[in-house]
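Below, each chain spelled out in residue letters.
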Amino acid sequence: MSTLIGAKEAAATLGVTKPTLYAYVSRGLVTRQVAVDGRTSLYDRAEVETLANRSRRRPPAERPSIDVQIATSVTRLHDDSPTYRGQRVLDLVESHSFEQVADLLLTGEATGRATDWKLDRSALARSRSIVDAATPIDPLGALSLTARSLEHRDGDQTATVTRRLLSIIPSVLGGPQRGGIPDRLSRAWLRRPAPQVVDAVERALILLADHELATSTLAVRVAASVRAAPPAALAAGLDVVAGPLHGAASQAAVALFEHASETDPADAVRSGLGGGRRLPGFGHTVYRRGDPRFEPLLDAVRAIPAPPERMAVVDEVIREAGRSIGHLPNIDLALAALIHVAGLASDVPLFGVARLAGWAAHYDEELGERPVRFRGLSR
């Protein structure tokens, strides 16, 4: 016979609140039974423990030796929306261009003046020659080389260096030299991108432009603390963001969609969860009620004119995951959906391009702190 437990014990076993437990019931993850009094909710202990073991995080590792409180006014994370310089990102994505948001992060003002974003042709020629000499190389590696190739001229502000880098990147990747950055990036990957693709790319760039003190941002701040030049610090961020557990996480989610297209969503989700792994593109260590950046980007992806089966696969994977796990989709899944639906290569470096403006803002902020304040403790 099954052992039945009350709502309080079931919620505690799952490590969630009662409202979340009831949400699991509505999604079919947990079965609710009614006691003989007709009111009390009861749950099968074995079923609850199975779900808990599937969703439970690994035991926390030892605290890192690099563990420092960092005061920052660049970005704050809230359940309803992150904020850049105090402005809600979900509002910015509806009313501002990527260049304006980048300027907001870099200077505190969303100007995006065209005169500040002129293409530096000498910097482009230098970067192209270096990247071409290094081929074959992956796109993020090309971005890192591009950053390292920039000359740091005396008197250059970090914002100036970052605009120069952002302005040449689309052309280094094969795009045209005229137009806004989202349009030029899209044309680097697609010959004639639909306007909806450009809109989705711009939305992704804005939503991903910063996310407080992520690992790659910490790398940039460590470089700034020893007073590395801005190009070197930005290259450090690009090298760290290339990791599969950080900015390259969307590639695993793209593979999930490809698996679902070749077999079926249920098989893809089962395979993704095999061996106790987390399903790529689901769950977030910060947002307990779901990543607020997910829906705004997915809405833009839905508008892309593409074969209907591509978006259908995305929706089916999300539904199947909802029946199998308690985690909600995050921005990595929405970015993977953009790549899958638009027909882009899985390694397009949208995440790295987007994050450059945020890193530059943190670089400048770190210059106001005591130098060399990051140091691990040997044991």
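Please refer to the structure higher up on the page.
Here is a short report on the structure shown in this document. Each chain has its residues counted from 1, running along the sequence as written. Where local features are concerned, this predicted model is filtered to residues with pLDDT of at least 70; where side-chain atom pairs are given and counted, the filter is 80 or more; whole-chain, interface and lining totals use all residues. The side-chain figures draw on all heavy atoms in the structure; neither hydrogens nor water molecules are used.

1. Details of helix α16 (residues 308-324)
Part 1 of the reasoning: Secondary structure elements follow DSSP: runs of H or I of four or more residues count as helices, runs of E of two or more count as strands, with numbering from the N terminus. The span you would expect from a helix comes to 1.5 Å times its residue count less one. Between its first and last C-alpha atoms α16 spans 25 Å; for 17 residues at 1.5 Å apiece the expected length is 24 Å, and the two agree.
Part 2 of the reasoning: Three or more residues of α16 are buried, namely Met 311, Val 313, Val 314, Asp 315, Val 317, Glu 320, Ala 321, Gly 322 and Ser 324. Buried means the residue's accessible area, taken with a 1.4 Å probe over protein chains only, is under 20% of the maximum for its type, while exposed means over 50%, and partly exposed covers the values in between.

2. A few points about the environment of Leu 333
Part 1 of the reasoning: Within the secondary structure, Leu 333 sits in helix α17 (residues 331-342).
Part 2 of the reasoning: In this description, contact between two residues means that some pair of their heavy atoms is separated by no more than 4.5 Å. Beyond its immediate chain neighbours, meaning those up to four positions away, Leu 333 contacts Ala 253, Phe 257, Pro 280, Gly 281, Phe 282, Phe 294 and Ile 318.

3. Quick look at the sheet that holds strand β2 (residues 32-34)
Part 1 of the reasoning: One bridge is not enough; two strands pair if DSSP finds at least two bridges between them. The antiparallel open sheet is built from 3 strands, whose spatial order is β1-β3-β2. Two strands close off the open sheet at either side, each with one partner strand: β1 (4-6) and β2. The mean inter-strand angle of the sheet, taken between neighbouring strand axes irrespective of direction, is 45°.
Part 2 of the reasoning: Bridge count for β2 against strand β3 (residues 41-44) is 3 bridges, and the pairing is antiparallel. Along β3, the bridge assignment pairs Arg 32 with Tyr 43.
Part 3 of the reasoning: Interaxial angles span 0 to 180 degrees and are taken between N-to-C directions of axes, which are lines fitted to C-alpha atoms, for helices over the stretch in contact. Contacts from helix α1 (residues 7-14) reach β1 and β3 within the one sheet, and its direction differs from that of β1 by about 95°.

4. Comments concerning the pattern of salt bridges
Part 1 of the reasoning: We define a salt bridge as a contact between a side-chain nitrogen of Lys or Arg and a carboxyl oxygen of Asp or Glu at a distance within 4 Å. Within the structure shown, the criterion is met by 18 salt bridges.
Part 2 of the reasoning: Between Arg 289 and Asp 79 there is a salt bridge, with its nearest N and O atoms 3.0 Å apart. A residue pair is termed long-range when its members are at least 10 positions apart, and Arg 289 in the loop between α14 (265-272) and α15 (294-302) and Asp 79 in the loop between β4 (75-76) and β5 (83-84) qualify at 210 residues.
Part 3 of the reasoning: Residue Asp 79 is classed as partly exposed on the basis of its relative accessible area of 34%.
Part 4 of the reasoning: The closest approach of N and O atoms between Asp 239 and Arg 148, which form a salt bridge, is 2.5 Å. Of this pair, Asp 239 sits in helix α12 (residues 230-241) while Arg 148 sits in helix α7 (residues 139-149), placing them 91 residues apart in sequence.
Part 5 of the reasoning: Residue Asp 239 is classed as partly exposed on the basis of its relative accessible area of 39%.
Part 6 of the reasoning: When its relative accessible area of 47% is taken as the criterion, Arg 148 is described as partly exposed.
Part 7 of the reasoning: Sharing partners across several salt bridges, the network here consists of Arg 221, Glu 365, Glu 366, Glu 369 and Arg 373.

By themselves, these observations are geometric and do not establish any function.
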